[in-house]
Amino acid sequence: MRQQTLGNIHIGLREHSPLNPRYLTNFATRRLRQTFNLDALWTNGWSPPPDMVCAFPTYRCNLHCDFCFQRDETGRLRVDMRHEEMTPEQWEDVIDRVAHFSPTMFWMGGEMMIYPRIMDLLARCKQRGLKVVMVTNGYRLAERAAALVAMGVDAVTVSLDGFKDVHNKIRHSPRAFDQVVAGIQAIVSARGEAALPIITINHALNKDNYRDISQFFEFARDLKADMLQFLGLMYISPETAHRHQEVMHNEFGLDTVHIDVMENGREAQDMDVIWLQQEMDTLRQTAPASPTLRFCSLGLEDNLVAHYSSDDHLPLPQQRCTALWRRMVIQPNGDVTMCYNQPEVVVGNVLADELAEIWNGDKYRQVRQRIKRELLPGCTRCGWLDYK
């Protein structure tokens, strides 16, 4: 049995312990929707309620990572909302409104841990019976580990893109690696024998770390992480960025699309991607079941050569987007956007509109129909695409 299959069973049992019927039902529904692409049955762009709400309380961050798709090499934010962030009270109202369809609340950023009263918002989600997943750079994780475990946060995902020298170089911080490791250790210690929160390490494959994937797996195992999730870098060529901007202008009427920030991190020419694919295949076949090996994109594990080759190889025939049918993305100012990679395409705002009216409103349904017909030029290395 392949490591990934065995590992997913292992994580599935832990992630839903105790066996809560709501968790099990939502888990089964998500798998059916994704595996059989059930959402595509509605040709008019309609979709059942989202099974995940991606909450961006802030784009502010205390680090400056080399390949951040939200910022360019000068630190310019693709969408600057520093002065338009919703208040914690407004987020509490959003939480109460989404609770009736029981999605997973997926807290992201920026660095979500620097948002005021973020712990109160996470607790509010748990009080409303919602599953809570959070993604953090880990810089402030250790000091809040005990509280996160006590409130019942379901999953904590930290970004760790290599061993100490590599991670600190990418993050432009001499303390970043040690802070992440201390945070993981604090979560492990605080949860004791409990199953939650699940600890996931996000590991973006790049030219500085791809030769170390087997050794890094052992490192994640020593840290007692539950899951090691590989991500492909999101980057495009200047030519593809130009084509994307043309499409956004002609079809969406947008002239302020800063997808050119994704031109940084174009490192594939320095990677032996054939070796990487072979090494990844070997690791998947031989590695122990824990930590589970996962890939952010379903099927990326079999398409690394295409992903890290030139834009001419993409999109692949089997690539498809399911995120627009399953995930509602709420920006710091309350805008609901097409997705977290296209924050300029606004389909509503939670401060002004009812959630149901946004989710299946004319704008969102038109966007779904467009993406179902053909991926946008800038979408082909998205971390949420499916390859099968």
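Preceding block: the structure.
Residues numbered from 1 in each chain as written. Predicted model: local features only at pLDDT ≥ 70, side-chain atom pairs only at ≥ 80, totals over all residues. Heavy atoms only, no water.

Peer 1: Quick rundown of empty space enclosed by the protein? Include the residues and the values.
Peer 2: Using the criterion set out here, one finds three cavities of 30 Å³ or more in the structure. Within this model, the largest cavity holds a volume of roughly 100 Å³. If you go around the largest cavity, the residues you meet are Cys321, Ala323, Leu324, Met338, Cys339, Asn341, Ile371, Leu375, Cys379, Cys382, Trp384 and Leu385. For the lining of the largest cavity, the class distribution of residues is eleven nonpolar, one polar and no charged. (1 Å grid on protein atoms, 1.4 Å probe; cavity = no way out; pocket = protein on both sides within 12 Å on 5 of 7 lines; lining within 4 Å. Points joined across faces, edges and corners; volume = space filled by probe spheres on them. Nonpolar A, V, L, I, M, F, W, Y, C, P; charged D, E, K, R; others polar.)

Peer 1: Talk me through the nonpolar core; I want residue IDs and the actual numbers.
Peer 2: Generally speaking, soluble globular proteins have nonpolar side chains that are buried together. Trp107, Leu122, Met134 and Ile201 are the most contacted members of the largest nonpolar core, which has 115 residues in total. In terms of residues, this core owes the most to one element, helix H7 (residues 176-191), which gives six residues. Discounting chain neighbours no more than four positions away, the residues touching Met134 are Trp107, Met112, Met113, Leu122, Leu141, Leu148, Val153, Ala155, Val156 and Thr157. (Core = buried A, V, L, I, M, F, W, Y, C linked by side-chain atoms within 4.5 Å. Buried < 20%, exposed > 50% of the residue type's maximum accessible area, 1.4 Å probe, protein only. Helix = DSSP H or I, 4+ residues; strand = E, 2+ residues; numbered from the N terminus. Contact = heavy atoms within 4.5 Å.)

Peer 1: Please give an account of the packing of helix H6 (residues 164-171) against H7 that cites residues and values.
Peer 2: Helix packing geometry: the angle between the two helix axes and the distance between the axes. Packing of H6 against H7 brings their axes to within 8 Å, and their N-to-C directions diverge by 110 degrees. As the angle between them shows, H6 and H7 are arranged roughly perpendicular. Along the contact surface, H6 presents Lys164, His167, Asn168 and Arg171, while H7 presents Ala176, Phe177, Asp178 and Val180. Taken together, the residues of the contact of H6 with H7 break down into three nonpolar, two polar and three charged. (Axes fitted to C-alpha atoms, helices over the stretch in contact; angles between N-to-C directions. Parallel < 35°, antiparallel > 145°, perpendicular 65-115°, else oblique.)

Peer 1: Run through helix H8 (residues 213-222), naming residues and quoting values.
Peer 2: Residues of H8 that are buried: Ile213, Phe216, Phe217, Phe219 and Ala220. Looking straight down H8, one finds its buried side chains confined to an arc of 160 degrees; they lie on one side. Two residues or fewer after H8 comes Lys224, characterised by a positive phi angle close to 70 degrees. (Arc of directions from axis to C-beta.)

Peer 1: Could you give an account of unusual backbone geometry, naming the residues involved and the relevant values?
Peer 2: Here Ser290 and Pro291 are connected by a cis peptide whose omega angle stands at 0 degrees. Here Leu314 and Pro315 are connected by a cis peptide whose omega angle stands at 0 degrees. By secondary structure assignment, the location of Pro315 is in the loop between helix H11 (304-307) and strand S8 (320-321). Positioned with a positive phi, Ser102 is a non-glycine residue whose angle comes to about 50 degrees. Along the chain, the position of Ser102 falls in the loop between helix H3 (88-98) and strand S2 (104-107). Residue Arg117 is not a glycine yet carries a positive backbone phi of 60 degrees.

Peer 1: How would you explain the pattern of salt bridges if you had to name every residue and give the values?
Peer 2: By the definition in use, this model includes 22 salt bridges. A salt bridge links Asp154 to Lys126, with the nearest nitrogen and oxygen atoms 2.7 Å apart. Placement of the pair is Asp154 in the loop between helix H5 (141-151) and strand S4 (155-159) and Lys126 in helix H4 (residues 118-127), with a sequence separation of 28 residues. Here Arg284 ties to Asp281 by a salt bridge, and the two come within 3.3 Å at their closest N and O atoms. With Arg284 and Asp281 both in helix H10 (residues 273-286) and three residues apart, this pair spans about one turn of that helix. Relative accessible area serves as the criterion here: at 31%, Asp281 is assigned to the partly exposed category. Among the charged side chains, a salt-bridge network with shared partners connects Glu89, Glu92, Asp96, Arg117, Asp120, Arg124 and Arg128. (Salt bridge = Lys/Arg side-chain N within 4 Å of Asp/Glu carboxyl O.)

Peer 1: Give me the packing of aromatic side chains: which residues, what numbers.
Peer 2: On inspection of all chains with the given rule, the structure shows 13 aromatic pairs. Ring centres of Phe106 and Trp384 lie 6.4 Å apart, and the angle between their planes is 45 degrees; on these two criteria the pair is classed as tilted. With Phe106 in strand S2 and Trp384 in the loop between helix H14 (362-373) and strand S12 (385-386), the pair connects residues that are 278 residues apart, well separated along the chain. Here Phe106 matches Trp384 in class, with each residue buried. On the basis of an interplanar angle of 65 degrees and a centroid distance of 5.5 Å, the ring pair of Phe163 and Phe216 is categorised as edge-to-face. Of this pair, Phe163 sits in the loop between S4 and H6 while Phe216 sits in helix H8; the two residues are 53 residues apart in sequence, bridging distant segments of the chain. (Phe/Tyr/Trp six-rings, centres within 6.5 Å; stacked < 30°, edge-to-face > 60°.)

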